[in-house]
Amino acid sequence: MNYIIGAFKPACNISVTFSDGKSRKQVALKKENGQTVMVPLFQSQETISGKISVEPVSGKKVEHNGIKVELLGQIEMYFDRGNFYDFTSLVRELDVPGEIYERKTFPFEFSTVEMPYETYNGVNVRLRYVLKVTISRGYAGSIVQYQDFVVRNYSPPPSINNSIKMEVGIEDCLHIEFEYNKSKYHLKDVIIGKIYFLLVRIKIKNMDLEIRRRESTGSGSNTHVETETLAKFELMDGAPVRGESIPIRLFLSPYELTPTYRNINNKFSVKYYLNLVLVDEEDRRYFKQQEITMYRLGETSEATL
Amino acid sequence: MMISNGIEDEEKWLAEGIAGIQHNAFYLHRAVDSNNLREALKYSAQLLSELRTSKLSPHKYYELYMRAFDELRRLEMFFKDEDRHGCSIVDLYELVQHAGNVLPRLYLLCTVGSVYIKSKEAPAKDVLKDLVEMCRAVQNPIRGLFLRSYLAQVSRDKLPDIGSEYEGEGDTVMDAVEFVLQNFTEMNKLWVRMQHQGPVREKEKLEKERSELRDLVGKNLHVLSQIEGVDLEIYRDAVLPRVLEQVFPDEYHLQTLETLLGACPQLQPTVDLKTVLSQLMERLSNYAASSPELLPEFLQVEAFSKLSNAIGKVIEAQVDMPIVGAITLYVSLLSFTLRVHPDRLDYVDQVLGACVKILSGKAKLEDSKATKQVVALLSAPLDKYDDIVTALTLSNYPRVMDHLDAGTNKIMAMVIIRSIMKNKTFVSTSDKVEVLFELIKGLIKDLEGISTDDLDEEDFNEEQNSVACLMHILYNDDPEEMLKIICTVWKHIMAGGPKRLPFTVPPLVFSALKLVRRLQGQDGDVAGEEVPATPRKIFQLLNQIIESLSVVPAPELALRLYLQCAEGANDCDLEPVAYDFFTQAFVLYEEEIADSKAQVTAIHLIIGTLQRMNVFGVENRDTLTHKATGYSAKLLKKPDQCRAVYACSHLFWVDDQDGIKDGERVLLCLKRSLRIANAAQQMANVTRGSSGPVTLFVEILNKYLYYFEKGNPQITASVIQGLIDLIKTEMQSDSATGGPASDAFFTSTLRYIQFQKQKGGAMGEKYEPIKL
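Residues numbered from 1 in each chain as written. Chains lettered and ligands numbered in written order. Predicted model: local features only at pLDDT ≥ 70, side-chain atom pairs only at ≥ 80, totals over all residues. Heavy atoms only, no water.

**Some thoughts on the overall build of chain A**
How we decide: Helix and strand labels come from DSSP, where a helix needs a run of H or I of at least four residues and a strand needs a run of E of at least two; each type is numbered from the N terminus. Relative accessibility under 20% of the residue-type maximum defines a buried residue, over 50% an exposed one, and the middle range a partly exposed one, all with a 1.4 Å probe and only protein chains included. Contact between two residues is taken to exist if any of their heavy atoms lie within 4.5 Å; hydrogens are not considered. In this description, accessible areas are obtained by the Shrake-Rupley approach with a 1.4 Å probe, and a residue is regarded as covered only by the protein chains that are shown.
Check the secondary structure of chain A and you find two helices and 22 strands. Buried residues in chain A amount to 47% of all 305 residues. For chain A, restricting intrachain contacts to residue pairs at least 6 apart in sequence, the fraction spanning at least 24 positions comes to 67%. Roughly 15,700 Å² of accessible area belongs to chain A as shown, and the carbon and sulfur atoms make up 47% of that amount.

**Digging into the pattern of salt bridges**
Residue and element names in this part refer to chain A. What counts, and what does not: Each reported salt bridge corresponds to a side-chain nitrogen of Lys or Arg within 4 Å of a carboxyl oxygen of Asp or Glu.
This model, assessed by the stated rule, comprises 36 salt bridges over all chains. Glu55 is paired through a salt bridge with Arg103; the nearest N and O atoms lie 3.7 Å apart. In this pair, Glu55 sits in strand E4 (residues 48-56) while Arg103 sits in the loop between strand E8 (98-100) and strand E9 (104-110), placing the two residues 48 residues apart along the sequence. As a salt-bridge pair, Glu118 and Arg296 come within 2.9 Å of each other at their nearest N and O atoms. A residue pair is termed long-range when its members are at least 10 positions apart, and Glu118 in the loop between E9 and strand E10 (120-121) and Arg296 in the loop between strand E22 (285-295) and helix H2 (299-302) qualify at 178 residues. Here Glu118 falls in the buried class, since its relative accessible area comes to 5%.

**Some remarks on a positive patch on the surface**
All names here are of chain B. The cut-off we apply is this: Exposure above 30% relative accessible area and no salt bridge define the residues that can form patches, which grow by joining like charges within 9 Å and nonpolar side chains of Val, Leu, Ile, Met, Phe, Trp and Tyr within 5 Å. Neither His nor the chain ends is counted toward charge; the positive residues are Lys and Arg and the negative residues Asp and Glu. Charged groups are reduced to one reference atom each: NZ for lysine, CZ for arginine, CG for aspartic acid, CD for glutamic acid.
On the surface, Lys634, Lys671, Arg672 and Arg675 cluster together to form a positively charged patch. Within the element layout of this structure, Arg672 appears in helix H34 (residues 663-688). Look at Arg672 and you get partly exposed, because its relative accessible area is 36%.

**Brief notes about the interface of chain B and chain A**
Worth spelling out the cut-off: A 1.4 Å probe defines the accessible area here, and the buried area is the portion of it lost by two parts on being joined, summed over both. In protein, a polar contact requires one atom able to donate a hydrogen and another able to accept it; more generally it is a pair of N or O atoms within 3.5 Å, and residues adjacent in sequence count only if both atoms are side-chain atoms.
The interface is formed by 23 residues belonging to chain B together with 20 residues belonging to chain A. Carbon and sulfur atoms supply 46% of the area that chain B and chain A bury against each other, a total of about 1,700 Å² over both sides. Of all residues in chain B, B:Glu94, B:His98 and B:Gln139 bury the most surface against chain A, accounting for 28% of the area lost on that side. At the junction of chain B with chain A, the criterion picks out five salt bridges. The salt bridge involving A:Glu244 is made with B:Lys189; its shortest N-O contact spans 4.0 Å. Viewed at the interface, chain A and chain B are joined by 12 residue pairs in polar contact (both at pLDDT 80 or more). For the side of chain B that touches chain A, the secondary structure elements donating two or more residues are helix H5 (89-95), helix H6 (102-119), helix H7 (124-134) and helix H9 (172-194) of chain B.

**A word on unusual backbone geometry**
One non-glycine residue, A:Gln45, lies in the positive phi region at around 75°. Within the fold, A:Gln45 resides in the loop between strand E3 (36-42) and E4. A positive phi angle, close to 60°, is found at B:Lys120, a residue other than glycine. Structurally, the position occupied by B:Lys120 is in the loop between H6 and H7. A relative accessible area of 46% means that B:Lys120 is categorised as partly exposed.

**Points about the sheet that holds strand E16 (residues 190-200) of chain A**
All names here are of chain A. Applicable threshold: The pairing criterion is simple: DSSP has to find at least two bridges between the two strands. Helix axes are fitted only over the stretch in contact, all axes being lines through C-alpha atoms; the angle between N-to-C directions runs from 0 to 180 degrees.
Read from one edge of the open sheet, four strands run E13-E14-E16-E19, paired in antiparallel fashion. Each edge of the open sheet carries a strand with a single partner, namely strand E13 (164-170) and strand E19 (245-251). Across the sheet, the axes of successive neighbouring strands diverge by a mean angle of 20°, strand direction being ignored. As judged from the seven bridges shared by E16 and E19, these two strands associate in the antiparallel manner. When the bridges of E19 are listed, Tyr196 appears paired with Ser245.

**Notes on the environment of B:Gly608**
All names here are of chain B. Secondary-structure assignment places Gly608 in helix H31 (residues 596-612). Taking the relative accessible area as the measure of exposure, Gly608 reaches 27% and is therefore partly exposed. For the pair Gly608 and Ala647, spaced 39 residues apart in the sequence, the C-alpha separation amounts to 8.5 Å.

**Considering the environment of A:Arg92**
Residues and elements named next belong to chain A. Summarising the element assignment, Arg92 is placed in strand E7 (residues 84-95). Considered as a pair, Arg92 and Phe110 are 18 residues apart in the sequence and their alpha carbons are 8.1 Å apart. Setting aside residues no more than four positions away along its own chain, Arg92 makes contact with Ile67, Lys68, Val69, Glu109, Phe110 and Ser111. A polar contact of 2.8 Å, which involves the side chain of Arg92, links it to the backbone oxygen of Glu109.

**A short note on a negative patch on the surface**
All names here are of chain B. On the surface, a cluster of negative charge is made up of Asp456, Glu457, Glu458, Asp459 and Glu462. Tracing the backbone shows Glu458 in helix H25 (residues 457-471). By relative accessible area, Glu458 is classed as exposed at 65%.

**What to know about the confidence of the model for chain A**
Our working definition: pLDDT runs from 0 to 100 and stands for how confident the predictor is about each residue.
The pLDDT averaged across chain A works out to 89; a share of 94% of its residues lies at or above 70. Contacts for the low-pLDDT stretch residues 301-305 of chain A, under 50 throughout, to residues beyond four places or in other chains number five contacts.

**Quick look at the sheet that holds E9(A)**
Residue and element names in this part refer to chain A. Spatial strand order, E1-E4-E9: three strands in an open sheet with antiparallel pairing. The sheet terminates laterally at strand E1 (12-18) and E9, the two strands that pair on one side only. Going from strand to strand, the sheet's axes swing by 20° on average, the running direction of each strand aside. Pairing of E1 with E4 involves seven bridges; the strand directions are antiparallel. When the bridges of E4 are listed, Phe18 appears paired with Gly50.

**Comments concerning the packing of aromatic side chains**
Note the cut-off: For Phe, Tyr and Trp, rings pair up if their centres lie within 6.5 Å, where Trp contributes its six-membered ring, and each pair is then called stacked (planes under 30 degrees apart), edge-to-face (over 60) or tilted (otherwise). Charge-over-ring contacts are defined here by two conditions on Lys NZ or Arg CZ: a distance within 6 Å of the ring centre and an angle within 35 degrees of the ring normal.
Throughout the structure, instances matching the rule amount to 33 aromatic pairs over all chains. For the pair A:Phe18 and A:Phe42, a centre-to-centre distance of 5.5 Å together with 50° between the ring planes defines the contact as tilted. Placement of the pair is A:Phe18 in strand E1 and A:Phe42 in strand E3, with a sequence separation of 24 residues. Across the pair, exposure class does not vary: A:Phe18 and A:Phe42 are buried alike. A network of ring pairs unites the aromatic residues B:Tyr61, B:Tyr62, B:Tyr65, B:Phe69, B:Tyr107, B:Phe146 and B:Tyr150 as a single cluster. Here A:Lys267 stacks its cationic end above the ring of A:Tyr85, 4.4 Å away from the centre of that ring. Here the guanidinium or amino end of B:Lys499 rests over the ring plane of B:Phe460, the centre of that ring lying 5.5 Å away.

**Things to note about the packing of helix H28 (residues 535-547) of chain B against helix H30 (residues 575-591) of chain B**
Residues and elements named next belong to chain B. Rule in force here: For classification purposes, an angle smaller than 35 degrees is called roughly parallel, one larger than 145 roughly antiparallel, one from 65 to 115 roughly perpendicular, and anything else oblique. Gly counts as polar in this scheme, as do all residues outside two lists: the nonpolar Ala, Val, Leu, Ile, Met, Phe, Trp, Tyr, Cys and Pro, and the charged Asp, Glu, Lys and Arg.
For the pair H28 and H30, interaxial distance at closest approach is 11 Å and the crossing angle is 10°. As far as their axial angle goes, H30 and H28 are roughly parallel. Contacts between H28 and H30 pair Arg536, Phe539, Asn543 and Glu547 from the former with Val577, Asp580, Phe581 and Gln584 from the latter. Counted by class, the contact of H28 with H30 contains three nonpolar, two polar and three charged residues.

**Things to note about the side chain of A:Glu210**
Within the secondary structure, A:Glu210 is located in strand E17 (residues 204-217). In this structure A:Glu210 touches A:Thr229, A:Ala231, A:Lys232, A:Tyr273, A:Leu274, A:Asn275, A:Val277 and A:Arg285, once residues within four positions along its chain are discounted.

**Digging into the pairing of E16(A)**
With seven bridges joining them, strand E14 (residues 174-180) of chain A and E16(A) adopt antiparallel strand pairing. Note that in E16(A) the partner of A:Tyr180 across the bridge is A:Gly193.

**Some thoughts on the state of the cysteines**
All names here are of chain B. For the record, the criterion: The criterion for a disulfide is a pair of cysteine sulfur atoms lying within 2.5 Å.
Counted according to the given criterion, the structure contains zero disulfides over all chains. No disulfide involves Cys110; its sulfur sits 4.1 Å from that of Cys135, the nearest cysteine. Take Cys110: its relative accessible area is 1%, and that puts it in the buried class.

See below:
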């Protein structure tokens, strides 16, 4: 009996600890099984180092053909499930073939790792970084342990950031002019703007500002596009008359946004749009969509709005 | 049924709303008690979402609002206590703005904003400005009004007024005023907008609801008036212009009238006070009209005299103001007066008097704009009062009119007449008529400086027709007064000159004849001898009136009128009078009517009238019929002669019970007309080579048939037979010229005879001998 159970139990426990694990910022990461775990946060060019300890289950020995740790950057397309594409792959050999009888700790270090892409969990695509520890064993099968971590990269404020200003309308029916103060927003930014009603001949019920995320994956005929509405923010209640101007102030911090990703490794893109929607009393929708660029501002400068 | 359902539904919706609030309030309290900010925000937003309903009337919505309001007070206490929720007020101010729905978001923002100001971490004016701006997002009138009234409520003790703990840098009072005014302006806009919403059939209901909401708007004013730092200077330079350009609630204006008006004369001449004051008065009068209960308020504040004084002062102060401006102001004041104090004629007179003052010392108005305004001024009372002449008795009215040039004067007179006609109120005393005609004298007679020659004829005709119409409106049931009215009118129109008399005399004559007919009906009732209004007297007057036409001259018209009078006299049994009128008519015929066509018409009129006369004795009648027959035979054209003569036959045969029936003379007439017809036929033969149509003969045949049927013994079947044969021969001898009209006429006459024969009975037998 014991033998059988023992056969399905992992022969050893593998744990990964980061050298600055205590002080490093942890962020939530949603795993495939839906659970959220806290994982350390890195950015590109950082050194990822730590210790990996292998501890055989009491009284057993682990025979192996070598132990290695890999740092992998993977893109996974859901419609092409199981097919990972590694855009980054670094390996460190930890141990030569041999046997482990008791807990053994191996230090590792990946210095100034190039991690150009951010961790991303989308509808059809996932980009993840993982440390993969492999204890190779011949016929018994390898023992593998994964440790996820998150990568986020920060950009400086853009040097050119024009406002979005536009006059749109339906002839003799509705003419509005709207303005968003910028075309590029950081994730904790505030969208300030206004809508000016030049002509109103329809009975408007309300007006919303939506933030939409458009994720496109694949390429050519194999492109999948998924659009999600991440925010629906009511801007106006009731029917305005000509000459009214309605303020916009939308704080972006409550929403789970990412920076805009353009053509990540030729695999996918994520773009953001502001969609201004007017609804009339017969529930007809009139809308105008505008792309905005999202970027991640360094933590320190984020505080200043 | 629909309505009761509506009310029930509303109750239901209100109940649902309250239940929603209570439900969320429960969780809100729990969250607050456990210092859980996130939950508190979540449930307060849900709670406030109940206020997003569109289903409630303002009244019911208010109930709902009050419930939410109570909860917000509790929430505000929680927000104040940073220790409990651990969030700085600045962060909180952002946090509440994350709410997705605009209405809950703004209620929360106002609530936090109030705490924010209290914390003094930011200048009150900045927070207030932000709040009042953000509230623009609610454009629905009811929801917007309540939201802004909430804002007014929570901010009222936090204005950066002078002396307040929130007093800020710089022009802090202005900031406070600016905030209140802005909120107020927006509320007014929303309130006004309610007026234009909803289906028409619910207008009344909506108006009621609107007036309920008025108090909400008004709250701001109390706040404004309580701002300590508002002195006259600020009021004058900042508040007043805003007030005046804005639609301000009326009750406020009313109560602060004095201050407001006091400020007016001090304003720069460049300020368009005219418009400002006009609008103010317009609004006040609308306000007064909205509900009769408001009138005491107006009396209490002596609105009229204040306005009147103010205008006087403004005009005095602004010497350069063109006269049109001053008049415009008075027009506004006048319409205000008319709407608010319609019963106060003295006010109206006062306004007009003030205008006279302005106008006096100036020559007649040249400025066309000013003239227009004066016309407006004068028209205003006319539109208002049913009893126009009462309004016209205002002593200053004609004095204002005197300042108009002749042309405008006429236009004004037309306006007066038109409004009288429109109201269809009778002008019932001679005094009033006197006043009225004095006012419209521009139409009645030539005024100095204007020659009648260069007038547009059409315009002139229209004016005179209006005057003619007007005369029928002058009426009193009392014959004596009526006679006076007629005399008064006569006195005025006499001066009208030859161009006007043909228009004005006929209606007057008919009006007088109408009176005669009324008297004649009352004959039995009138006892005593001292009756001033007798038919005889009136006929004397009529004689004069018609005689006046001789200066025109208009003999044809006069002849017709004489004949009308003769008929009137006939009905009154006044033989000499009737005879006299006939004489006049004949004299006119002889002396004045030369045109042959006019003669034909006239003679037929005379014959027609004479035929109906029954008042004459044999001798008089003989004289007149003789004359008439004589004239008939002397007409120029043979066919005319012929027709007039056979028409004369009726003078000897009146188909009444005791009418004259002189068969022999009838036959004489007919024979004579036959002879003339014959002669006409021969003349035609000679001059044109064809005898022409037989129409005249057929016409005479018809006369024969008429008398034949009426039983004139002289007209026998054989005579008729002879005539028919004659016509047939004539037609055969010259068939080419028999026009289709006379053919058809003859054929249908024969068909008639045939018909009578076949009908049988006495008439059939009578026709029997006639062979066709």
